[in-house]
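Geometric and topological summary
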Amino acid sequence: MYRIVREEDKLRGKVLYYIEMQTGWFRKHWTRELGISGIHGPVGAPTLDGAKFKLDIIKSGEHIVKEIVKL
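In short, a report on the structure. (Residues numbered from 1 in each chain as written. Predicted model: local features only at pLDDT ≥ 70, side-chain atom pairs only at ≥ 80, totals over all residues. Heavy atoms only, no water.)

Our focus in this paragraph is the overall build of the protein. Scanning the protein from N- to C-terminus turns up one helix and four strands. In sequence order, the protein lays out its α and β elements as β-β-β-β-α. Within the span of the protein, comprising 71 residues, buried residues form 20% of the whole. A separation threshold of at least 6 residues defines the contact pool for the protein, and within that pool the share at least 24 residues apart is 40%. Surface exposure of the protein reaches about 6,100 Å², of which carbon and sulfur atoms provide 55%. (Helix = DSSP H or I, 4+ residues; strand = E, 2+ residues; numbered from the N terminus. Buried < 20%, exposed > 50% of the residue type's maximum accessible area, 1.4 Å probe, protein only. Contact = heavy atoms within 4.5 Å. Areas by Shrake-Rupley, 256 points an atom, 1.4 Å probe, with all protein chains shown as cover.)

This is the structure we're talking about:
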């Protein structure tokens, strides 16, 4: 199960929407580490529509992750 969480930074005047995934079997909790290969950290967008679009891609399983290799 997924959810979109709205976070507002009142000092900077910015709003971000993060995608969280429910984990755990008995004691359920939410995490922003979605377990997608090549993506470390939270996935989100500055608009709700953008976060919904990314969530649809994650649910479909058709996401493409490009790995950047630094030399």
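Still more to cover.
A word on the pattern of salt bridges. Tallied over the full model, the rule gives five salt bridges. One salt bridge connects Arg32 with Glu20, and the closest N-O pair in it is separated by 3.1 Å. Remark: Glu20 occurs in strand β2 (residues 14–23) and Arg32 occurs in the loop between β3 (29–31) and β4 (43–45); sequence separation between them is twelve residues. Using a relative accessible area of 8% as the deciding quantity, one classes Glu20 as buried. (Salt bridge = Lys/Arg side-chain N within 4 Å of Asp/Glu carboxyl O.)

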